[in-house]
Amino acid sequence: MRRLSTLIRASSDAELPAIFLRLLSVVRARTQSAESDAVTQTDIVPARPEPPAALWLDGGTLADGTGCDPVRNPGILAEAGRITRLGGARPAGAEVVDCSGLMLTPGLIDAHVHMACAPFDSSLRYDVSVAEMAADMFVNCQQTLEGGFTTVRDTGGIDRGLAEVIASGKMPGPRILQCGPVHSQTGGGGQMGAEWEPTHLWDQHAIPGLVAWALLSDGPDELRKNVREGFRRGATFVKLLVTGAVVAISTQQPSDTQFTVAEIAAAVEEASAKGTYVTVHAHNNGGIRAAVTAGVRCVEHGSQIDEETAALMSEHGVALVPTLSIMEQLVVDPASMGLAPSYASRLSEFARTARDAVLIARDAGVRTGLGSDLLGPDQRDRGRELVHRAKLETPMRALEAATRINAEVIGLGDDLGTIEAGKIADIAGFAGDPLSESEQFADRDRVALVVQGGRVARFTPRG
Ligand SMILES: [Zn+2]
């Protein structure tokens, strides 16, 4: 259907007789409605340039994302973008990549990014041109891919257009799943700018087609309408802020709970009607418990999760995406994001408990993924999130969180996250052994190979 509609759109109407134009309008209407109904997480897959018919990765060591011990000289065959075989003989006619000296892993997944927050300034001054903002976003996408991240889940701010430009192959970048604008209550964690600014001017900060940070709603009906608006713009999942945030209007605090259970439940109902899910920004336990009660599927940050809340999440099958990198960036160097030093003290209480929360959740059996949540124009350091987790757990656990577990969290567990026959051929190759020395996960110079959808997106031969 997608291919048909692309062909139809490519035709020039002026060249067609009137009877065909009428027929065409019916077909177009049908294909567009079929596409908009399909909120599946596999909808956005980089399609161009086309991958080679066959790609053979020769040699190297494979850590396949399952947590099993690494295997030497695995031999990986990808055909038409998917992995079709491990081991066996090198097939004749295949494009061959010499992977000797590389540790091959599944393409990394960052389950919490903000591509649109580059540059980022919570005061939302109008001192950055739209062109510069767009340029930073595309640079950000390219650097993300070059760092070995072949998929990201954008948890707020971008327009669908960015994901589609990357998917079309016009610009390099990771596969992007996106929720469009986040949903926040008035004066909640999604609202920025000056306190004196009347809320009715909030929407003026959005740049249609490029950036819209948050839609503000109060009451289940208003939230329902805005969730539907998000879907109309192409969101593939829904993000709500159910507690206060650090980088937001100063009259709210991360310790606040936001949205009622009834409001959250309305969003959950709309998401399930679209065949997708709700994830929530949440720091404190009260907000998390309300969200779990209302039926959300995932919690972002979760920096104060206690045993009781972790047990509730586990019971309801709710996943967690901890975000340790942003905590460090905000505490150590808020200026790197253009933020005032006061943000560091605002966060410090949550940064202190965030590491414990990861272990509490994991020990309660919560599916615990990983996200960097980096903000600002320089987001090259996504790999640092794996380093944080490696130090907290083990390098292998960090790798699993960034591959298999994150793929499950974002709804792509059948297609991504491990290297096995049938999966999309997204593969990273590190020159070295990040499982022995986890700092290598954050060393972009070591990312010698990136394969995305069976096509080599980056390869630095070692001499
Ligand atoms: Zn975030």
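Keep in mind that this is a model prediction, so the values were computed, not measured. (Residues numbered from 1 in each chain as written. Predicted model: local features only at pLDDT ≥ 70, side-chain atom pairs only at ≥ 80, totals over all residues. Heavy atoms only, no water.)

A. Here's a closer look at the overall build of the protein. Within the protein, the regular secondary structure consists of twelve helices and 19 strands. For the protein, restricting intrachain contacts to residue pairs at least 6 apart in sequence, the fraction spanning at least 24 positions comes to 72%. For the protein, the computed accessible surface area is about 18,600 Å², with 52% contributed by carbon and sulfur atoms. (Helix = DSSP H or I, 4+ residues; strand = E, 2+ residues; numbered from the N terminus. Contact = heavy atoms within 4.5 Å. Areas by Shrake-Rupley, 256 points an atom, 1.4 Å probe, with all protein chains shown as cover.)

B. Summary view of the sheet that holds strand 7 (residues 102-106). Strand order across the open sheet formed by six strands is 3-2-7-17-18-19, with mixed pairing between neighbours. Of all strands in the sheet, those with a lone pairing partner are strand 3 (71-72) and strand 19 (455-459), marking the two edges. Of the strand pairs in this sheet, strand 18 (residues 447-452) and strand 19 are connected by four bridges, and their pairing is antiparallel. From the neighbouring strand, V451 faces strand 19, where its bridge partner is V456. (Pairing = 2+ DSSP bridges.)

C. Seen up close, the sheet that holds strand 6 (residues 95-98). Pairing in this open sheet of four strands is mixed, and the strands run 5-4-1-6 from one edge to the other. Strand pairing shows two members of the sheet lacking a second neighbour, strand 5 (82-86) and strand 6, which therefore form its edges. Direction aside, the axes of adjacent strands within the sheet are offset by 25° on average. As paired elements, strand 1 (residues 54-58) and strand 6 share four bridges and run parallel to each other. By the bridge assignment, W56 is partnered in strand 6 with V96. (Axes fitted to C-alpha atoms, helices over the stretch in contact; angles between N-to-C directions.)

D. Broad picture of the pattern of salt bridges. Scanning the model with the defined rule gives 26 salt bridges in all. Where E229 meets R232, a salt bridge forms, and the shortest distance between an N and an O atom there is 2.9 Å. Within this pair, E229 and its partner R232 are both found in helix 5 (residues 220-232), separated by three residues, close to a single helical turn. Of the residues examined, E229 reaches a relative accessible area of 21% and is grouped as partly exposed. For R232, a relative accessible area of 60% corresponds to the exposed category. Salt bridges sharing common partners tie together R362, D363, R389, E393 and R397. (Salt bridge = Lys/Arg side-chain N within 4 Å of Asp/Glu carboxyl O. Buried < 20%, exposed > 50% of the residue type's maximum accessible area, 1.4 Å probe, protein only.)

E. Fine view of helix 12 (residues 395-409). The first and last C-alpha atoms of helix 12 sit 19 Å apart over 15 residues, in line with the 21 Å expected at 1.5 Å per residue. At A401, helix 12 is bent by approximately 40°, the largest bend along its length. Within the sequence span of helix 12, burial applies to P395, M396, A398, L399, E400, A401, A402, T403, I405, N406, A407 and V409. Structurally, helix 12 contributes buried residues whose contacts are with strand 7, strand 8 (108-113), strand 9 (149-154), strand 15 (298-301), strand 16 (319-321) and helix 11 (384-392). Of the residues flanking the end of helix 12, it is G411, one or two places downstream, whose phi is positive at about 85°. (Expected span 1.5 Å × (residues − 1). Bend = angle between axes of the 7 residues up to and from the residue.)

F. Inspection of the coordination of the zinc ion at higher detail. Looking at the zinc ion, the protein donor atoms are H112 (NE2), H114 (NE2) and D373 (OD), and they sit 2.0 to 2.2 Å from it. Donor residues for the zinc ion sit on one chain with the sequence pattern H-x1-H-x258-D. Taking relative accessible area as the criterion, H114 reaches 3% and is therefore assigned buried. (Donors = N, O, S within 2.8 Å, 3.2 Å for Na, K, Ca; no water.)

G. Structural context of empty space enclosed by the protein. Scanning the entire structure with this criterion turns up three cavities of 30 Å³ or more. Each pocket or cavity is described by its volume, and for the largest cavity that value is around 260 Å³. Along the walls of the largest cavity sit 22 residues, with A245, V247, H281, H301 and D373 positioned nearest its centre. Tallying contributions element by element places helix 9 (residues 324-332) first for the lining of the largest cavity, with three residues. (1 Å grid on protein atoms, 1.4 Å probe; cavity = no way out; pocket = protein on both sides within 12 Å on 5 of 7 lines; lining within 4 Å. Points joined across faces, edges and corners; volume = space filled by probe spheres on them.)

H. Looking closely at the packing of helix 5 against helix 6 (residues 261-273). Taken N-terminus to C-terminus, the directions of helix 5 and helix 6 make an angle of 30°; their axes are 8 Å apart at the nearest point. Taken together, helix 5 and helix 6 sit at an angle that is classed as roughly parallel. In terms of crossing hand, the pair formed by helix 5 and helix 6 is right-handed. Counting all contacts with helix 5, which are made through P220, L223, R224, V227, R228 and F231, the residues of helix 6 involved are A262, E263, I264, A266, A267, E269, E270 and A271. The class makeup of the residues in the contact of helix 5 with helix 6 is nine nonpolar, no polar and five charged. (Parallel < 35°, antiparallel > 145°, perpendicular 65-115°, else oblique. Left-handed = near helix turned anticlockwise from the far one by under 90°. Nonpolar A, V, L, I, M, F, W, Y, C, P; charged D, E, K, R; others polar.)

I. Representation of the environment of S345. With respect to the helices, strands and loops of the structure, S345 is situated in helix 10 (residues 342-363). Residue classification places S345 among the exposed residues on the basis of a relative accessible area of 54%. Distance in space between the C-alpha atoms of S345 and V331 is 7.3 Å, their sequence separation being 14 residues.

J. How the structure looks around the packing of aromatic side chains. One pass over the structure, following the stated rule, counts two aromatic pairs. Each ring, one from F237 and one from Y277, has its centre 5.5 Å from the other, and the planes form 5°; the classification is stacked. Note that F237 is positioned in the loop between helix 5 and strand 13 (238-241) and Y277 in the loop between helix 6 and strand 14 (278-282), a separation of 40 residues in sequence. Note on accessibility: F237 and Y277 belong to one class, buried. Considering the side-chain rings of F430 and F441, the 5.6 Å spacing of their centres and the 90° angle between planes classify their relative orientation as edge-to-face. Taken together, the residues F430 in strand 17 (residues 427-431) and F441 in the loop between strand 17 and strand 18 connect sequence positions eleven residues apart. Of the two residues, F430 and F441, both sit in the buried class. Above the plane of the ring of F237 lies R153, whose end atom (NZ or CZ) is 5.3 Å from the centre. Sitting over the face of the ring of Y277, R297 holds its NZ or CZ atom 4.0 Å from the ring centroid. (Phe/Tyr/Trp six-rings, centres within 6.5 Å; stacked < 30°, edge-to-face > 60°. Lys NZ or Arg CZ within 6 Å of the ring centre and 35° of its normal.)

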